[in-house]
Amino acid sequence: MAYSTLSRAQLSFDYLHTNSTTHEFLFGALAELIDNARDANATKINVYSVPEKSLRGGYVLCFLDDGEGMDPSETADIVTFGKSVKKSAETQQIGMYGNGLKSGSMRIGNDLMVFTKKGLTMSCLFLSRTFHEEEHIDEVIVPLPSFESGTRNPLSKGPRAGEKHEVEMSLIYKYSPFKTEDDFFAQFDRIEGNSGTLVVVYNLKLLDSGEPELDVDSDPTDIILTNPESDLDSDEGLMPERKYFRKYAAILYMEPRMRIYINGKKVRTNRLSSCLYKPKLYKYSSNRFKTRSENVAKKAVDDALAAENKAREAESKAKDLENRLGSSLARDQRAELRKAQNLAAESRREAQIRRQLADRKTKALKDPKSLNLIFGVHLENRNQDGVFVYNCSRLIKMYEKVGPQMEGGVFCSGVVGVVDIPYLILEPTHNKQDFADAKEYRYLLRAMGEHMVQYWKDVGIVQQGVTKFWENFGYISSNWKDPPSNEGKFLRKRAMQINKTLQCDMCLKWRILPFSSADIGKEFVENWVCSMNPDQQHNK
């Protein structure tokens, strides 16, 4: 075969499609690519489109970050499905399965290219379903050319390296949007500095009408779902985060540490707990969340047992060598014995560490798991209520109805809850749109419903009268779902109750601005920094 020298992914071609269909919510697929940039310690990512009428959908969608990038070996790991160097129970990184880039990009379009720089190397990964379909190839062939950053010379080595590189580049020029060498290397030039990654997705998925699923033309600074109702499974109306990617990206992370841009315009991140009226934190502990910690403890015990067996084997080999050599004084034999004894001692230390870790994790199973539950009232739109569930700061579920909200009516209506769950308590599913243990997740929602009822009592809305409370902030329509009045006095009342909170573009700390009527409805500058804060005590 002409492509016998090229790399192959260890999976069937049909799996590329099956894997992508796990993303029922299209913005979740885009978020997977943003997660990868965040885990690569990027300080910013720009999601932008480039018109290209010759391709299906009429444009190319790009994700450009300034993260750590990948060397050729790390780039090659992308096509090993399920492999992730980030997987750890204690990690604060979001990627855990080695699957997000492939499943997310293949949900958006048919073809994927990754351009990445790290150190003195530049690498490209080309994963194209169009190529496979047109050439009727069942196995997944993945060209992976790599270059020296300074000279742009190929890094391929070996007897057939030149032939392999030539085939890889010919496929890229034929099936990618980049038809010449200049166009191809221009993509690496988009990466500023010595490291970073550019992900290019093209031949985009279309609706039955022939329109692209993602609308990049109606608003040049946003990405809009063309048919968002297809993702809606509730009669509560369409929430803005389900239609506008800018709105969704603004709340994607509970503690943002990376700047997100859409077509060059910065996303103004929102800290949900700071956007609510009378936010209140409840400490919640429970022994019910066991599945995840039991799995982690079992793995630690298994690892300790494997380390113990390895140590015993190393000690046995060292002892056997010592007996066979006896009092031999030959230098090479003494060196061999010392090497075996050192390996045995090192293996024993590793086994002891593993055992101590397993004991700690097993003992911790008895400890209750604690969570911080935050509740507040959404004054700006009482119809947009429910619980937002994060996992390691990444949004998993939004607008989940709990407690009285599931029954309709006015009881707890307008209340928003926020919780961030660590991996050790609940593990997300592969598509990061649900949780793996449905039983324990339902238990969490029940607990949040109970605390929401307590919050409703604590905030005293019933005592002053539910209708009167909402009328005071401009909800004067007889239709409960109507938005509040934008009359000046009501705008001011609502603004006075919620502190304006902005994130510094440099240090990423959150700053509370003192109330000012001039700030009502104000569009703050994109690159807002601490020194712009009128509060003299918090502008350093």
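Everything below is about the structure printed above this text.
Overview of the structure.

Further remarks concern the overall build of the protein chain. Helix and strand counts for the protein chain stand at 14 helices and 19 strands. By principal-axis analysis of the C-alpha atoms, the protein chain measures approximately 95 × 60 × 50 Å. For the protein chain, the proportion of its 540 residues judged to be buried stands at 50%. Here the analysis covers contacts within the protein chain between residues at least 6 apart in sequence; of these, 69% occur between residues at least 24 apart. Summed over its atoms, the accessible surface of the protein chain is roughly 26,500 Å², and 50% of this surface lies on carbon and sulfur atoms.

The next subject is the packing of aromatic side chains. Applying the stated criterion to the full structure yields 27 aromatic pairs. With centroids separated by 5.7 Å and ring planes inclined at 45°, the aromatic side chains of Y277 and F469 adopt a geometry described as tilted. Here F469 lies in helix α13 (residues 466-472) and Y277 lies in strand β13 (residues 277-286), a separation of 192 residues in the sequence. The pair formed by Y277 and F469 is uniform in burial state, with each residue classed as buried. Ring pairs connect the aromatic residues F115, F147, Y173, F178, F184, F185 and F188, which therefore count as one cluster. Above the ring of Y253, the side-chain terminus of R38 is found at 4.8 Å from the ring centroid. For the cation-ring pair, R382 lies above W480, with the distance from its terminal atom to the ring centre recorded as 3.6 Å.

Reading across the sheet, the 8 strands line up as β7-β5-β4-β8-β3-β2-β11-β12 and stay open at both edges, with mixed pairing between neighbours. The strands lining the two open edges of the sheet, one partner per strand, are β7 (146-148) and β12 (265-266). Bridge analysis of strand β2 (residues 44-51) against strand β11 (residues 259-262) gives 4 bridges, and the strand direction is parallel. Directly across from K44, in β11, lies its bridge partner R259.

In terms of nonpolar packing, the biggest core is built from 58 residues, with F63, I108 and L214 touching the most fellow members. The leading source of residues in this core is helix α2 (residues 26-39), at 8 residues. Ignoring sequence-local partners within four residues, the contact set of F63 consists of L30, L33, I45, N46, V47, I108, T197, L198, V199 and V201.

This paragraph deals with the pattern of salt bridges. Scanning all chains against the criterion turns up 21 salt bridges. Taking the shortest distance from any N to any O, the salt bridge between K164 and E168 comes out at 3.5 Å. Within this pair, K164 and its partner E168 are both found in helix α6 (residues 161-175), separated by 4 residues, close to a single helical turn. Judged by its relative accessible area of 0%, E168 falls in the buried class. We note a salt bridge from E308 to R312, for which the minimum N-O separation is 3.6 Å. Placement of the pair is E308 and R312 together in helix α9 (residues 291-325), with a separation of 4 residues, close to one helical turn. Within the structure, one salt-bridge network assembled from shared partners comprises K299, D303, E350 and R354.

Conventions used here
Residues numbered from 1 in each chain as written. Predicted model: local features only at pLDDT ≥ 70, side-chain atom pairs only at ≥ 80, totals over all residues. Heavy atoms only, no water. Helix = DSSP H or I, 4+ residues; strand = E, 2+ residues; numbered from the N terminus. Buried < 20%, exposed > 50% of the residue type's maximum accessible area, 1.4 Å probe, protein only. Contact = heavy atoms within 4.5 Å. Areas by Shrake-Rupley, 256 points an atom, 1.4 Å probe, with all protein chains shown as cover. Phe/Tyr/Trp six-rings, centres within 6.5 Å; stacked < 30°, edge-to-face > 60°. Lys NZ or Arg CZ within 6 Å of the ring centre and 35° of its normal. Pairing = 2+ DSSP bridges. Core = buried A, V, L, I, M, F, W, Y, C linked by side-chain atoms within 4.5 Å. Salt bridge = Lys/Arg side-chain N within 4 Å of Asp/Glu carboxyl O.

Purely geometric numbers; function is a separate question.
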